Amino acid sequence: MKTFKLIFLAAVAGIFIACDAINPEEQALIGKWSEQYHVDMYVESITFDEEGLAHYQKKPDTTWFTVIDEAGSFATLKYSVKNNKLHFSGENSVWSEETSHYEDVPFSFVTDYSIQGNVLTIDSFSYKGGLDSFFNSLILYKQ
């Protein structure tokens, strides 16, 4: 009976450990990815964490002699990888004519992506989810 309890507890522990495992595709994304500095006036980056959150940031590039006086843009999105596609979801505050105030509207999208060496290419990306805010592609380098 004691042996059965030990086997049962080991099996239950194995199930919990397996549920927390990150798939290999998501594991490859973990960390900070950024555009190169001193190319444009802004630098975009995404930090993928192990909890399934992608922290997007667009800020002025401080390596230029003249720096734009602006805070930039920030957003936190959920992400996952399924069938070799990158899935993002989040919320965006949108003005409602009906209620005359901002409302949080959920959005989600799926995009192709690739990692070659230390370069991440995301085919289409938006931190706001609106059709007017998608980038053609985002090329980021592992930091």
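Not measured: the values here are computed from a predicted model.

**Describing the pattern of salt bridges**
Then, in step 1: For the coordinates displayed, the defined rule picks out one salt bridge.
Then, in step 2: In this structure, Asp 112 and Lys 85 form a salt bridge, with 2.5 Å as the shortest nitrogen-oxygen distance. Of this pair, Asp 112 sits in the loop between strand E6 (101-111) and strand E7 (113-116) while Lys 85 sits in strand E5 (residues 85-96), and the two are 27 residues apart along the sequence.
Then, in step 3: Using a relative accessible area of 33% as the deciding quantity, one classes Asp 112 as partly exposed.
Then, in step 4: Residue Lys 85 is classed as partly exposed on the basis of its relative accessible area, which comes to 31%.

**Concerning a negative patch on the surface**
Then, in step 1: On the surface, Glu 91, Glu 98, Glu 103 and Asp 104 cluster together into a negatively charged patch.
Then, in step 2: Considering the arrangement of structural elements, one finds Asp 104 in strand E6.

**Let's talk about the side chain of Ser 126**
Then, in step 1: Structurally, Ser 126 is set in the loop between strand E8 (119-122) and strand E9 (138-142).
Then, in step 2: A distance of 3.2 Å separates a polar atom in the side chain of Ser 126 from the backbone nitrogen of Lys 128.
Then, in step 3: Of note is the side chain of Ser 126, whose polar atom sits 2.7 Å from the backbone nitrogen of Gly 129.
Then, in step 4: What Ser 126 contacts, discounting residues up to four positions off in sequence, is Leu 77, Phe 107, Phe 109, Ser 133 and Phe 134.

**Considerations on the packing of aromatic side chains**
Then, in step 1: According to the stated counting rule, one finds nine aromatic pairs in the structure shown.
Then, in step 2: With 6.4 Å between their ring centres and 10 degrees between their planes, Phe 107 and Phe 109 make a pair best called stacked. Each member of the pair, Phe 107 as well as Phe 109, is classed as buried.
Then, in step 3: An angle of 75 degrees between the planes, with centres 6.2 Å apart, marks the rings of Phe 109 and Phe 125 as edge-to-face. Here Phe 125 lies in the loop between E8 and E9 and Phe 109 lies in strand E6, a separation of 16 residues in the sequence.
Then, in step 4: Judged by its relative accessible area of 1%, Phe 125 is buried.
Then, in step 5: Among the aromatic side chains, those forming a connected cluster through ring pairs are Phe 48, Tyr 56, Tyr 79, Phe 88, Phe 107, Phe 109, Phe 125 and Tyr 127.
Then, in step 6: Geometry around Tyr 42 places Lys 58 over its ring, the cationic atom sitting 4.9 Å from the centre.

**Observations regarding the sheet that holds E8**
Then, in step 1: The strand order across the open sheet formed by nine strands is E6-E5-E4-E3-E2-E1-E9-E8-E7, and the pairing between neighbours is antiparallel. Strand pairing shows two members of the sheet lacking a second neighbour, E6 and E7, which therefore form its edges. For this sheet, the mean angle separating the axes of adjacent strands, direction not counted, is 25 degrees.

**Focus on unusual backbone geometry**
Then, in step 1: Not every positive phi belongs to a glycine, and Asn 83 is a case in point at roughly 50 degrees.
Then, in step 2: On the secondary structure map, Asn 83 appears in the loop between strand E4 (73-82) and E5.
Then, in step 3: Since its relative accessible area comes to 74%, Asn 83 is described here as exposed.
Then, in step 4: In this structure, Asn 84 is a non-glycine residue whose phi angle is positive, near 60 degrees.
Then, in step 5: Mapped onto the elements, Asn 84 comes out in the loop between E4 and E5.
Then, in step 6: Given a relative accessible area of 55%, Asn 84 falls into the exposed group.

About the criteria used
- Residues numbered from 1 in each chain as written.
- Predicted model: local features only at pLDDT ≥ 70, side-chain atom pairs only at ≥ 80, totals over all residues.
- Heavy atoms only, no water.
- Salt bridge = Lys/Arg side-chain N within 4 Å of Asp/Glu carboxyl O.
- Helix = DSSP H or I, 4+ residues; strand = E, 2+ residues; numbered from the N terminus.
- Buried < 20%, exposed > 50% of the residue type's maximum accessible area, 1.4 Å probe, protein only.
- Patch = residues over 30% accessible without salt bridge, like charges linked within 9 Å, V, L, I, M, F, W, Y side chains within 5 Å.
- Areas by Shrake-Rupley, 256 points an atom, 1.4 Å probe, with all protein chains shown as cover.
- Lys, Arg positive; Asp, Glu negative; His and termini not counted.
- Charge placed at Lys NZ, Arg CZ, Asp CG, Glu CD.
- Polar contact = N/O pair within 3.5 Å; in protein donor to acceptor, adjacent residues only side chain to side chain.
- Contact = heavy atoms within 4.5 Å.
- Phe/Tyr/Trp six-rings, centres within 6.5 Å; stacked < 30°, edge-to-face > 60°.
- Lys NZ or Arg CZ within 6 Å of the ring centre and 35° of its normal.
- Pairing = 2+ DSSP bridges.
- Axes fitted to C-alpha atoms, helices over the stretch in contact; angles between N-to-C directions.

The analysis is restricted to geometry; functional conclusions fall outside its scope.
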